[in-house]
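Secondary and tertiary structure notes
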Amino acid sequence: MSTPEETEARLRRLCERFLGTVRHSIELGMKLEETSSRDGVTVRMVHSERLVGNPWAGVVHGGPILALLDQTGGLAVACRLFPDYDITPTLDLRIDHLRRPEPGIDIMAWAECYRLTANVAFVRGCAYQGDRADPVSTYTATYMRLGLNKSMVKNR
């Protein structure tokens, strides 16, 4: 039987492995900040000039922000399901860009899986710089649960 600390450490390793093997997570500079099976997950996207969409203003393009939020949402579902595992492709994602991100500053994303059914996971979250109460963007998303059988999980 694992202690809560050992379980959280295993969960963190799972999320780090996921971010470290998904090509767009690597290319966009995503790094795990915090993870919790109860409180959601936080991922940092390290600022890079490659992500800037408007070179005159130095502002990160909305595409990398969307990818960051989607990836963080997928991790939030994984955290909610842990120690079980499921493949959960994005069904729907709505993003509201509330303000432009400040140039040259990393962007954080936080997400929580607030409802889980047999077929769908419901997630909400935000992208922010510094203060999560002052988000750059907010989002809600749904992810399909593909219902992997236990024998597939044992062989991974």
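Predicted model, so just to flag it, every value in this text is computed and none were measured.

1. Focus: the layout of surface pockets
One number sums up the size of the largest pocket: a volume of about 440 Å³. If you trace the largest pocket, you find 21 residues lining it, with Phe 18, Gly 74, Tyr 85, Asp 86 and Thr 88 closest to the centre. Looking at the lining of the largest pocket, the elements that each hand over two or more residues are α1 (4-21) and α3 (62-81). For the lining of the largest pocket, the element with the highest residue contribution is α3, accounting for 7 residues. The class makeup of the residues in the lining of the largest pocket is 11 nonpolar, 6 polar and 4 charged.

2. What about the packing of aromatic side chains?
Two aromatic rings, taken as a pair, are described by how far apart their centres are and by the angle between their planes. Following the criterion strictly, the structure yields 1 aromatic pair and no others. On the basis of an interplanar angle of 50° and a centroid distance of 6.4 Å, the ring pair of Tyr 114 and Phe 122 is categorised as tilted. Classification of Phe 122 by relative accessible area gives partly exposed; the value is 24%. Arg 124 extends its terminal NZ or CZ atom over the ring of Tyr 114, reaching a point 4.0 Å from the ring centre. The side chain of Arg 132 reaches across the aromatic face of Trp 110, ending 3.9 Å from its centre.

3. Here we look at the pattern of salt bridges
Opposite charge on two side chains permits pairing when their charged atoms draw close. With the rule as written, the count across this model stands at 9 salt bridges. Note that Glu 16 is salt-bridged to Arg 12, the shortest N-O span being 3.1 Å. One end of the pair, Glu 16, and the other, Arg 12, are both in helix α1, 4 residues apart, so they sit about a helical turn from each other. Of the residues examined, Arg 12 reaches a relative accessible area of 28% and is grouped as partly exposed. Salt-bridge contacts for Asp 106 lead to Arg 44; the nearest nitrogen and oxygen are separated by 3.0 Å. Of this pair, Asp 106 sits in the loop between β5 (90-97) and β6 (107-116) while Arg 44 is found in strand β2 (residues 40-45), placing the two residues 62 residues apart along the sequence. On the basis of relative accessibility, which here comes to 22%, the residue Asp 106 falls in the partly exposed class.

4. A word on the confidence of the model for the protein
For the protein, the mean per-residue pLDDT works out to 91, and 94% of the residues sit at or above 70. Looking at the elements of the protein, mean pLDDT is at its lowest for helix α4 (residues 150-154), recorded as 46, and at its highest for strand β8 (residues 135-144), recorded as 98. Within the model, the stretch residues 151-156 combines pLDDT values under 50 with 6 contacts to residues more than four positions away or in other chains.

5. What to know about the pairing of β2
In terms of burial, β2 is a largely internal element, 5 of the 6 residues being buried. Examined bridge by bridge, strand β1 (residues 30-36) and β2 share 6 bridges and lie antiparallel to one another. Looking at β2, one finds that Met 30 is bridged to Met 45. Sheet topology note: the β2/β6 ladder contains 5 bridges and is antiparallel. Note on β6: the bridge partner recorded for Val 41 is Ala 111.

Basis of the calculations
Residues numbered from 1 in each chain as written. Predicted model: local features only at pLDDT ≥ 70, side-chain atom pairs only at ≥ 80, totals over all residues. Heavy atoms only, no water. 1 Å grid on protein atoms, 1.4 Å probe; cavity = no way out; pocket = protein on both sides within 12 Å on 5 of 7 lines; lining within 4 Å. Points joined across faces, edges and corners; volume = space filled by probe spheres on them. Helix = DSSP H or I, 4+ residues; strand = E, 2+ residues; numbered from the N terminus. Nonpolar A, V, L, I, M, F, W, Y, C, P; charged D, E, K, R; others polar. Phe/Tyr/Trp six-rings, centres within 6.5 Å; stacked < 30°, edge-to-face > 60°. Buried < 20%, exposed > 50% of the residue type's maximum accessible area, 1.4 Å probe, protein only. Lys NZ or Arg CZ within 6 Å of the ring centre and 35° of its normal. Salt bridge = Lys/Arg side-chain N within 4 Å of Asp/Glu carboxyl O. pLDDT = per-residue confidence, 0-100. Contact = heavy atoms within 4.5 Å. Pairing = 2+ DSSP bridges.

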